[in-house]
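Chain by chain, the residues run as shown.
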Amino acid sequence: MVPKGYLGITIFPFVIIKYRSLKSNITFINHEQIHIRQQLELLILPFFIWYFIEFLIKFWRYKNWSLAYRNVSFEREAYQNERAVDYLQNRPLWSFVSFL
């Protein structure tokens, strides 16, 4: 269920992982928890619509799948803060907007 080239995917309320060992990877789990918070803020379905549209725009701009993915605002926020284990406790509402 996890797309090729990825380690996991978050679809509220589930985090689907490719390898069991990722359950103990604090950085990976924190990254996915950031996505859960983003999805909740946008009431889930609008998150996926926004994500898809933004990805298409970035893909059109960069003409590179990986570069487009890494530059989606939701991913930029998650990657930039995945190592900060206390990030979600201090994260302001709609923080991903600052990554647009």
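Higher on the page you've got the structure.
A few points on the structure. Just so you know, these numbers come straight off a predicted model, no measurement behind them.

Among the secondary structure elements, Asn81 is positioned in helix α4 (residues 73-81). Look at Asn81 and you get buried, because its relative accessible area is 14%. When neighbours within four sequence positions are excluded, Asn81 is seen to be in contact with Asn30, Ile34, Tyr87 and Phe99.

With that settled, the discussion passes to the packing of aromatic side chains. Enumeration over the complete set of coordinates arrives at 14 aromatic pairs. Ring geometry for Phe47 versus Phe48: centroids 5.0 Å apart, planes at 90°, classification edge-to-face. A residue is classified by how much of its surface remains accessible, and Phe47, at 2% relative accessible area, is buried. A ring pair is formed by Trp50 and Phe74, whose centres lie 5.8 Å apart and whose planes are at 70°; its orientation type is edge-to-face.

It is worth spelling out unusual backbone geometry at this point. Backbone torsion omega between Phe12 and Pro13 reads 5°, so that peptide bond is classified as cis. Mapped onto the elements of the fold, Pro13 is located in the loop between β1 (8-11) and β2 (14-17). One non-glycine residue with positive phi stands out, namely Leu43, at about 60°. The topology assignment puts Leu43 in the loop between α1 (26-41) and α2 (45-62). When its relative accessible area of 67% is taken as the criterion, Leu43 is described as exposed. Phi at Lys63 takes a positive value of approximately 55°, unusual for a residue other than glycine. Mapped onto the fold, Lys63 is located in the loop between α2 and α3 (65-70). When its relative accessible area of 61% is taken as the criterion, Lys63 is described as exposed.

Contact geometry for α1 and α4: axes closest at 9 Å, N-to-C directions at 140°. The pairing of α1 with α4 is recorded here as oblique in orientation. In this structure, the crossing between α1 and α4 has a hand that is right-handed. Residues Asn30, His31, Ile34, His35 and Gln38 of α1 lie in contact with α4, whose contacting residues are Phe74, Glu75, Glu77, Ala78, Tyr79 and Asn81. Across the contact of α1 with α4, the residue classes break down as four nonpolar, five polar and two charged.

Next up on the list: α2. Spanning 18 residues, α2 covers 26 Å between terminal C-alpha atoms, matching the ideal 26 Å at 1.5 Å per step. Three or more residues of α2 are buried, namely Phe47, Tyr51, Glu54, Phe55 and Lys58. Taken around the axis of α2, the buried residues stretch over an arc of 110°, which confines them to a single face. Turned more than 90 degrees off the buried face of α2, the exposed positions are Leu45, Phe52, Ile57 and Trp60. In this structure, the buried residues of α2 make contact with α1, α3 and α4. Lys63 sits one or two residues past α2 and shows a positive phi near 55°.

Criteria and cut-off values
- Residues numbered from 1 in each chain as written.
- Predicted model: local features only at pLDDT ≥ 70, side-chain atom pairs only at ≥ 80, totals over all residues.
- Heavy atoms only, no water.
- Helix = DSSP H or I, 4+ residues; strand = E, 2+ residues; numbered from the N terminus.
- Buried < 20%, exposed > 50% of the residue type's maximum accessible area, 1.4 Å probe, protein only.
- Contact = heavy atoms within 4.5 Å.
- Phe/Tyr/Trp six-rings, centres within 6.5 Å; stacked < 30°, edge-to-face > 60°.
- Axes fitted to C-alpha atoms, helices over the stretch in contact; angles between N-to-C directions.
- Parallel < 35°, antiparallel > 145°, perpendicular 65-115°, else oblique.
- Left-handed = near helix turned anticlockwise from the far one by under 90°.
- Nonpolar A, V, L, I, M, F, W, Y, C, P; charged D, E, K, R; others polar.
- Expected span 1.5 Å × (residues − 1).
- Arc of directions from axis to C-beta.

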